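Structural overview for review
Each chain, written out:
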Amino acid sequence: MPSLCFINLVIIFCSLPPALGADPYVFYDWTVSYITAAPLGVKQQVIGINGEFPGPVLNVTTNWNVVINVKNHLDEPLLLTWNGIQHRKNSWQDGVSGTNCPIQPGWNWTYDFQVKDQIGSFFYFPSLNFQRASGGYGGITINNRAIIPLPFALPDADVTLFITDWYTKSHKELRKDIESGTNLGIPDGVLINGVGPFRFDESIVLDGFPFLTINVEAGKTYRFRVHNVGISTSLNFRIQNHNLLLVETEGSYTVQQNYANLDIHVGQSFSFLVTMDQNASSDYYVVASPRFVNSSSWAKATGVAILHYSNSQGLASGPLPDPPNDFDRYFSMNQARSIRWNVSAGAARPNPQGSFKYGEITVTDVYVLLNRPAELINGKWRTTLNGISYLTPETPLKLAQQFNISGVYKLDFPNKLMNRPAKLDTSLINGTFKGFMEIIFQNNDTTVQNYHLDGYAFFVVGMDIGVWTENSRGTYNKWDGVARCTTQVFPGAWTAILVSLDSAGIWNLRAQNLDSWYLGQELYVSVVNPESDGSEAALPDNAIYCGLLSSLQKDQAQRVKFSGSPSVSSSRATILVLLIVAFEAFIR
């Protein structure tokens, strides 16, 4: 019996002594399914992972290898994407429609990637069909290796928070609204870690809502990792009577500055150190409230959790701590500009972050990407970048490239808005391997838009109100602009980034706002190593095939189940993975 032989081999190799100094593996077994929850007091169907909403936090360390067997128990195709994980030269693990065929209902697929030379706070979520609006998200925490010191004292504990605008409609209903040209409207609430607000106002919040309580000890310092995993709403985060000492964002240590509150836009992640230095005369509010909206009609959409000292003398009461002025773009923009890279701190490597002097590198390609509000194209509501609304092909781009299939996509994405009608197209940016690209996002919409590039961290070097011109480069920060993977672009404004294209693959550049993304505001950047020196990861043996390659797909057998998440030494883990691959090939 082949399965019994395989199990015996696994037992033998797991009993071998561990190798010294190798990169460990961690194994996870996840089932993605619908579960019933009532985050706003109304029972609804949400997407859970192993029955949890939000899903589990991946807590790993720099250079660890992560193997996650994902089983799709939804009623529609699924992919998980790893927001901010760079997948060095391995876009096969990206989990978006341009690189992977979806995991069909009842199927499973094993992701296998290394968090190579990374630290910081990130999150994962389902990338297809507006599913993030129903959950399926969770955190990714990548810790420093022991030999790399933190640029601050080790905090007493970690607290991960997910803040999100939330609707009681399902993601299926919401995407139908978007397709018909109906705006999302005011959210039914803002969740913190999957639950609704504390009853801070009896006229707004009904009695009986579940809410989050964060238990802390006086005098201790906690690292709060806060992720905006929402649909389209920028949220202002604050903790009553406590300073937020910003120390990291999306894999980069920042210049350490105190904030009374910070705007966190869709898709962004921040780390704060918060010291419990109050007298605990009562509990304290933790607040996430919408920005750039009409506050009177959006009052119900306020997320409130409770910070509870162990020696607290009573319940939180009274008004919430004040947010900034709702429509003050300059306040939020100046706040964003104040976030700087800590160029003297090491991160994943011992050398200082500032040793990569991005301001001295010659730019090889420039793209000015103009977005517009949704418009009718061929009778359907679509959004565009430079007049092109992305058309998802049945055959993923990366597979088409691998098998030299012509006609799936074109490498002709325009570097500026062309004087022609908007259209649907599968057009890619032809990136230069080891080139240095400048991208300017120009926001012609009336709301904050947020953009993310998979596979890379980019340098946010400038932003301002108005239209970007060549002269705008004179305002760029060419020394300590923060390196991150998601940036905001304010309405009627621009944001400029610089990115070093040193990782071969096909990489997704997208709007993080789900409504803009779903209607077509995305594209892909193809980065090909002309020397073909084998530095890019090979096609995975467990690849799923679809579209023009459907004939290559064999009947899918159930993958090996990993119990728990133990770390395993590199030599044993490598053999284990090879055995798994061989076993899967044998039983197909």
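So, here's what we can say about the structure. Here the residue numbering is sequential within each chain, running from 1 through the sequence in written order. pLDDT decides what is reported in this predicted model: residues at 70 or higher carry local features, side-chain atom pairs at 80 or more are listed and counted, and totals for whole chains, interfaces and linings draw on all residues regardless. The basis for every side-chain value is the complete set of non-hydrogen atoms in the structure, without hydrogens or water.

1. Thoughts on unusual backbone geometry
Going from F53 to P54, the amide bond is cis rather than trans, its omega being -5 degrees. Runs of H or I in DSSP of at least four residues are treated as helices and runs of E of at least two as strands, each being numbered from the N terminus. Among the structural elements, P54 can be located in the loop between β2 (44-49) and β3 (58-61). You will see that K89, though not glycine, has its phi angle at about 55 degrees, which is positive. Locating K89 in the fold gives a position in the loop between β5 (80-83) and β6 (108-114). A positive phi angle, close to 50 degrees, is found at N386, a residue other than glycine.

2. Thoughts on the pairing of strand β4 (residues 65-72)
Accessibility here uses a 1.4 Å probe with only protein chains present; expressed as a share of the type maximum, an area under 20% marks a residue as buried, one over 50% as exposed, and anything in between as partly exposed. For β4, the tally of buried residues reaches eight of eight residues, placing the bulk of the element in the interior. Across the two faces of β4 the burial is the same, with N65, V67, N69 and K71 and V66, I68, V70 and N72 all buried. Where strand β1 (residues 25-37) lies against β4, eight bridges are found, and the strand directions are parallel. Bridge assignment links W30 to a residue of β4, and that residue is V70. Looking at chain direction, β4 and β6 are connected through seven bridges and run antiparallel. Paired with V70 across the two strands is W109, which belongs to β6. Should DSSP find at least two bridges between two strands, the strands are taken to pair.

3. Section: the packing of aromatic side chains
Planes of paired rings set the category: under 30 degrees apart is stacked, over 60 is edge-to-face and the rest tilted, where pairs are Phe, Tyr or Trp rings (Trp by its six-membered ring) whose centres lie within 6.5 Å. Enumeration over the complete set of coordinates arrives at 29 aromatic pairs. Considering the side-chain rings of F125 and W517, the 6.2 Å spacing of their centres and the 90 degrees angle between planes classify their relative orientation as edge-to-face. Separated by 392 residues along the polypeptide, F125 in strand β7 (residues 120-126) and W517 in helix α5 (residues 514-518) bring together distant segments of the chain. Neither residue differs from the other here; F125 and W517 are each classed as buried. In this structure an aromatic cluster arises from ring pairing among Y28, W30, W82, W109, Y111, F113 and Y124. Geometry around F292 places R291 over its ring, the cationic atom sitting 4.6 Å from the centre. Counting as a charge over the ring demands two things of the Lys NZ or Arg CZ atom: a distance within 6 Å of the ring centre and an angle within 35 degrees of the ring normal.

4. Some points on empty space enclosed by the protein
A cavity here means a set of points on a 1 Å grid, drawn over the protein atoms and nothing else, where a 1.4 Å probe fits but cannot get out; a pocket is an open set with protein on both sides within 12 Å along at least five of seven lines, and a residue lines either one if it has an atom within 4 Å of a point. Grid points are joined across faces, edges and corners, and a volume is the space filled by probe spheres set on the points. By the definition in use, this model includes two cavities of 30 Å³ or more. The wall of the largest cavity is formed by L79, W92, T99, N100, C101, W109, L399, L539, P540, A543 and I544.

5. Quick notes on the sheet that holds strand β26 (residues 449-453)
Taken together, five strands build an open sheet; the order of strands is β24-β32-β31-β26-β29 and the sheet is mixed. The open sheet terminates on both sides in strands that have one partner only, identified here as β24 (429-432) and β29 (486-489). Here the strands of the sheet are splayed against their neighbours by 25 degrees on average, with no regard to which way each runs. All axes here are fitted lines through C-alpha atoms, helices being fitted over the stretch that makes contact, and every angle between N-to-C directions spans 0 to 180 degrees.

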